[in-house]
Amino acid sequence: MAFITDGGGNVVSFAEYTDVVQKDQRIFESNNLKIPAESGFLSVQDYVEDMLTKSTDRILLKIKTSAWWSTYNNYTGTSFELNNLPNVDPDNIDPGNALGRQQQFTDMCVYYCIGEYIAPLFAEFGNDESPEVAKITYYKNKFNDIFNELLSVADWYDADGDGTVESDEKLTTFASRRRSRARNNIVVVR
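Treat the numbers as computed from the prediction; the structure is a model and nothing was measured.

Visitor: Where do I start with the packing of aromatic side chains in this structure?
Guide: Two numbers describe a pair of aromatic rings. These are the distance of the centres and the angle of the planes. Applying the stated criterion across every chain, the model contains eight aromatic pairs. Ring geometry for Phe3 and Phe14: centres 4.8 Å apart, planes at 45°, overall tilted. With Phe3 in the segment before β1 (4-5) and Phe14 in the loop between β2 (11-13) and α1 (17-23), this pair connects stretches of sequence that are eleven residues apart. Note on Tyr112 and Tyr117: the rings are 6.1 Å apart at their centroids and 65° apart in plane angle, and the pair reads as edge-to-face. Feature note: the residues Tyr112, Tyr117, Phe143 and Phe147 constitute an aromatic cluster, connected by ring pairs. The positively charged end of Lys62 is found above the aromatic ring belonging to Phe147, 5.4 Å away from the centroid.

Visitor: Teacher, can you tell me more about the nonpolar core here?
Guide: One recurring pattern in soluble globular proteins is that nonpolar side chains are buried together. Counting residues in each nonpolar core, the largest one holds 45 residues, and the members touching the most others are Phe14, Ile63, Ile93, Phe105, Ile118 and Trp156. Listing elements by their share of this core, those giving two or more residues are α1, α2 (26-30), α3 (44-65), α4 (67-76), α5 (102-118) and α6 (131-153). Apart from residues no more than four positions distant in its own chain, Ile118 is found in contact with Val20, Ile27, Leu33, Val48 and Cys113.

Visitor: How do you make sense of the pattern of salt bridges when you look at a structure like this?
Guide: Any two side chains of opposite charge can pair, on the condition that their charged atoms come close. What the rule picks out here adds up to four salt bridges. As a salt-bridge pair, Lys23 and Asp107 come within 3.1 Å of each other at their nearest N and O atoms. Taken as a pair, Lys23 in helix α1 and Asp107 in helix α5 lie far apart in primary sequence, 84 residues in all. Look at Lys23 and you get partly exposed, because its relative accessible area is 32%. In this structure, Asp24 and Arg26 form a salt bridge, with 3.5 Å as the shortest nitrogen-oxygen distance. Residue classification places Arg26 among the exposed residues on the basis of a relative accessible area of 53%. Overlapping salt bridges, with partners in common, bring together Asp24, Arg26 and Lys135 in one network.

Visitor: Teacher, can you tell me more about α3 here?
Guide: Residues separated by three or four positions in an α-helix point in the same direction, a consequence of the helix having 3.6 residues per turn. Compared with an ideal rise of 1.5 Å per residue, which puts 22 residues at 32 Å, α3 spans 31 Å between its outermost C-alpha atoms and is within 8% of the ideal. Those residues of α3 not exposed but buried are Tyr47, Val48, Met51, Leu52, Ser55, Thr56, Ile59, Leu60 and Ile63.

Visitor: Can you walk me through the packing of α3 against α5 in this structure?
Guide: Interaxial distance between α3 and α5 falls to 8 Å at its minimum, and their mutual angle equals 110°. In terms of orientation, α3 and α5 fall into the roughly perpendicular class. Judged by the sense of rotation from one axis to the other, the crossing of α3 with α5 is right-handed. Taking contact as the criterion, the partners of Tyr47, Val48, Met51, Leu52, Lys54, Ser55, Thr56, Arg58, Ile59 and Ile63 in α3 are, on α5, Phe105, Met108, Cys109, Val110, Tyr112, Cys113, Tyr117 and Ile118. Grouping the amino acids of the contact of α3 with α5 by side-chain chemistry returns 14 nonpolar, two polar and two charged.

Definitions and limits used
Each residue is numbered by its place in its chain's sequence as written, counting from 1. In keeping with the predicted nature of the model, local features appear solely for residues at pLDDT of at least 70, side-chain atom pairs appear and are counted solely at 80 or more, and the whole-chain, interface and lining totals rest on all residues. The basis for every side-chain value is the complete set of heavy atoms in the structure, and neither hydrogens nor water enter the calculation. Stacked, tilted and edge-to-face are the three classes assigned to paired rings of Phe, Tyr and Trp, where Trp is represented by its six-membered ring and a pair needs centres within 6.5 Å; plane angles under 30 degrees give stacked, over 60 edge-to-face, the rest tilted. Secondary structure is summarised from DSSP: a helix means a run of H or I of at least four residues, a strand means a run of E of at least two, and numbering begins at the N terminus for each. Remark: a charge is flagged as sitting over a ring if the NZ atom of Lys or the CZ atom of Arg is within 6 Å of the ring centre and within 35 degrees of the ring normal. Buried Ala, Val, Leu, Ile, Met, Phe, Trp, Tyr and Cys residues that are joined via side-chain atoms within 4.5 Å together make up what is termed a nonpolar core. Throughout this description, buried means an accessible area under 20% of the type-specific maximum (1.4 Å probe, protein chains only), exposed means over 50%, and partly exposed covers the range between. Here a residue-residue contact requires only that any non-hydrogen atoms of the pair lie within 4.5 Å. What counts as a salt bridge is simple: a side-chain nitrogen of Lys or Arg found within 4 Å of a carboxyl oxygen of Asp or Glu. Every helix has an expected span of 1.5 Å times one less than the residues it contains. To obtain each axis, a line is fitted to C-alpha atoms, and for helices this fit is confined to the stretch in contact; angles are then taken between N-to-C directions over 0 to 180 degrees. Any angle between 65 and 115 degrees counts as roughly perpendicular, while under 35 counts as roughly parallel, over 145 as roughly antiparallel, and the rest as oblique. Definitions for this section: a left-handed crossing has its near helix turned counterclockwise from the far helix by less than a right angle. A right-handed crossing has that turn clockwise. For this classification, Asp, Glu, Lys and Arg are treated as charged, while Ala, Val, Leu, Ile, Met, Phe, Trp, Tyr, Cys and Pro are nonpolar and the rest, including Gly, are polar.

Put into structure tokens, the structure is as follows:
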């Protein structure tokens, strides 16, 4: 699905309730999902959509705190002060879905939400072999796989905000996992 925007057209979430249901409908069918009383939500759908917004914020923060973001800002010539990196603008992530990366961000948001917010509501943490605990591990691993893949590919961010991701805005890294005694670096960064 497309990113969820507010009235001003700004991205507020990478996913919506139906994305979570499509990814794993059994969570809602086989478990009686109890919304925490302190949350103030009346329906499961409202609670899940709020958790998806929180997941989006956490993903953006994880990108900002990654070493890749600092390297990327240096590469694109974005000026910033030491220890004060600019925020990741979700409106600049694959604008117009030209690269088809928005679905990966949606999946990543759903995996994060299920692994961090939904599945822990009904998991039996005292039992290490509990299927719910295994699901949490599964969704966290899926999130990490996509997150690391997107940071490695790095062709999805429109640094200048003009609506297209040009070749000079792509920072793709390649790493060779072999040992070398050469004086040259093994890692090639474009």
